[in-house]
Amino acid sequence: MNIQERKVGVIGCGFVGSSSAFALMQSGLFSEIVLNDVDRERAEGEALDISHGLPFAKPMKIYAGDYDDLMDCSIIVITAGAGQKPGETRLDLVKKNVGIFKSIIPEIAKRKYEGILLIVANPVDILTYVSVKLSGFPENRVFGSGTVLDTARLKYLLGEHLSIDNRSVHAFIIGEHGDSEIAAWSSANVSGIPLNDFCELRGHLEHDASMKRIAEDVKNSAYEIIAKKKATYYGIAMSVRRICEAIIRDEKSILPVSSMQHGEYGISDVSLSVPAIVGRQGVERVVPIDLNEEEKEALQASADTLKKVIEDAFN
Ligand code: NAD
């Protein structure tokens, strides 16, 4: 089936799927959004609600649809799955959500879909790996939102800490989207100025304590939000919008999406986040940023954690 560049699908219309659809509606990137959920009425209700904002945005169609309606989408965003309950880790979700993906991905694969699958449901790295394996699609076309959200949280917190526009902060969270993630401090900078030098410029001298606190705050963001309002969805919705923008506009932006690894960082046969070039073809290639020894070891440990989960989930 011919892919319609300006048509996007969202599978799973809970908090994350509906917020992502709302952000995509406002982005002006698409002229058609198809919403799919096992709860058809939920998808229909969200489609109506979001459509009622259209007189304040750009003309487009938003409607509930089935798998056949999704097959000419340039991107299908998959947010279907249970969310974390208070106190639950993302990895606790694995069995439940792998089961859900086993019902979704084969439906897409058997229809020989030719667009991009953007995986958002958690644990996103495991579900990206599962989606690559179950679909048999080329790996560049199947990837996860990964640590794009965590990286946004890091930039936001550093912007607050330094009282600077967070878009001028260049720093990445890499590895698992979850407890073993790593702040790649050794390459962090503010408009080319090494982070520690910039901190001193702004009167902050306690580098180790500040970095530790900020990295912990990033890691605990989801737990804190879930404890307070039961789910997180606006930050991830904007991350989905940003990734879709990079794809549709063929921006070749460098984003820390979760993609299958083939030894670039000494890591293989697992999907996790490292900076990668994202454009119309999906993930073009991963980008080797400099990591110090401690960061390399932590990335390896993060990969080992994910591999163990994959082994447990499949054996
Ligand atoms: P939710 O419970 O509000 O929504 C999940 C939706 O999926 C429900 O509407 C449900 O009916 C639907 N669904 C279940 N099985 C389906 C299937 N087979 N086909 C179609 N739809 C199906 O949950 P939520 O808060 O929207 O979270 C969704 C997922 O996104 C969770 O796994 C959550 O952990 C994850 N999440 C990821 C990030 C990230 O950074 N990657 C951030 C926040 C949340």
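Residues numbered from 1 in each chain as written. Predicted model: local features only at pLDDT ≥ 70, side-chain atom pairs only at ≥ 80, totals over all residues. Heavy atoms only, no water.

1. Focus: the sheet that holds strand β12 (residues 253-255)
Spelled out, the test is: Paired strands, as defined in this entry, are two strands with at least two bridges between them according to DSSP. In DSSP terms, a helix is any run of H or I states spanning at least four residues, a strand is any run of E spanning at least two, and both are numbered starting from the N terminus. Only C-alpha atoms enter the line fits that serve as axes; for helices the fit covers just the stretch in contact. Angles between N-to-C directions range over 0 to 180 degrees. Note on contacts: a residue pair qualifies if any of its non-hydrogen atoms lie within 4.5 Å across the two residues.
Judged by pairing direction, the sheet is antiparallel, and its three strands sit side by side in the order β12-β15-β16 without closing on themselves. The outermost strands of the open sheet, each flanked by one partner alone, are β12 and β16 (282-286). Across the sheet, the axes of successive neighbouring strands diverge by a mean angle of 40°, strand direction being ignored. Relative to β16, strand β15 (residues 276-279) runs antiparallel, the two being bridged by four bridges. By the bridge assignment, I277 is partnered in β16 with R285. Sheet contacts for helix α9 (residues 234-248): β12 and β15; angle to β12, the most-contacted strand, approximately 145°.

2. With respect to the site of the ligand
Note the following rule: To be near a molecule or strand, a residue needs just one of its heavy atoms within 4 Å of it. Pairs of N or O atoms within 3.5 Å make up the polar contacts considered here, provided that, within protein, one atom can donate a hydrogen while the other can accept it, and that residues adjacent in sequence are counted only when both atoms are side-chain atoms. In this description, accessible areas are obtained by the Shrake-Rupley approach with a 1.4 Å probe, and a residue is regarded as covered only by the protein chains that are shown. Residues are grouped as follows: nonpolar covers Ala, Val, Leu, Ile, Met, Phe, Trp, Tyr, Cys and Pro; charged covers Asp, Glu, Lys and Arg; every other residue, Gly included, is treated as polar. Either an automatic procedure or a domain database provided the assignment from which the domain bounds are taken.
Taken together, 27 residues surround the ligand, and among them V16, D37, A82, V120 and N122 come closest. A distance of 3.0 Å is found between an oxygen atom of the ligand and a backbone nitrogen or oxygen belonging to N122. A distance of 3.3 Å is found between a nitrogen atom of the ligand and a side-chain nitrogen or oxygen belonging to S145. Within the complex, 86% of the 860 Å² of free accessible area of the ligand lies under protein. The set of elements that each furnish at least two residues to the shell around the ligand consists of α1 (15-27) and α4 (94-110). With four residues, the single largest contributor to the shell around the ligand is α4. Here the shell around the ligand is composed, by residue class, of 14 nonpolar, twelve polar and one charged. Summarising the domain contributions, the shell around the ligand has at least three residues from each of domain 1 (7-144) and domain 2 (147-314).

3. Structural notes on the domain arrangement of the protein
The condition that has to hold: The term salt bridge refers to a side-chain nitrogen of Lys or Arg lying within 4 Å of a carboxyl oxygen of Asp or Glu.
Taken domain by domain, the protein comprises domain 1 (7-144) and domain 2 (147-314). In this structure, domain 1 and domain 2 have C-alpha centres spaced 22 Å apart. Opposite the 39 residues of domain 1 that make contact, domain 2 presents 46 residues. Linking domain 1 with domain 2 are one salt bridge. Close ionic contact of K133 with D269 constitutes a salt bridge, the shortest N to O distance being 3.8 Å. The interface formed by domain 1 and domain 2 holds six residue pairs in polar contact (both at pLDDT 80 or more) in total. Looking at the side of domain 1 that touches domain 2, the elements that each hand over two or more residues are α1, β4 (73-78), α4, β5 (116-119), α5 (124-135) and β6 (142-144). Of the residues belonging to the side of domain 1 that touches domain 2, the class tally is 20 nonpolar, eleven polar and eight charged.

4. Observations concerning the packing of α1 against α9
The condition is simple: Oblique is the label for any angle not covered by the other classes, which are roughly parallel (under 35 degrees), roughly antiparallel (over 145) and roughly perpendicular (65 to 115). Here a crossing is called left-handed whenever its near helix is offset anticlockwise from the far helix by less than a right angle, and right-handed whenever the offset is clockwise.
Contact geometry for α1 and α9: axes closest at 8 Å, N-to-C directions at 45°. By the criterion of interaxial angle, the relationship of α1 to α9 is oblique. Judged by the sense of rotation from one axis to the other, the crossing of α1 with α9 is right-handed. Two secondary-structure elements touch here, α1 through V16, S19, S20, A23, L24, Q26 and S27 and α9 through Y234, I236, A237, M238, V240, R241 and C244.

5. Quick look at the sheet that holds strand β11 (residues 193-194)
What links the strands of a sheet is backbone hydrogen bonding, and the strands pair in either a parallel or an antiparallel sense. Spatially, three strands are ordered β7-β10-β11 in an open sheet, and the strand pairing comes out antiparallel. Every other strand in the sheet has two partners, leaving β7 (169-170) and β11 as the edge strands with one partner each. Across two bridges, β7 lies against strand β10 (residues 189-190) in antiparallel orientation. Counted as the bridge partner of V169 is V190 from β10.

6. Quick notes on α9
We count it as follows: Each residue after the first adds 1.5 Å to the expected span of a helix. Residue burial is assigned from relative accessible area. The probe radius is 1.4 Å, only protein chains are included, and a residue is buried under 20% of its type maximum, exposed over 50%, and partly exposed in between.
Here α9 is 15 residues long and its end C-alpha atoms lie 21 Å apart, about the 21 Å a rise of 1.5 Å per residue gives. Among the residues making up α9, those that are buried are I236, A237, S239, V240, I243, C244, A246, I247 and I248. The first or second residue beyond α9 is D250, which carries a positive phi of 45°.

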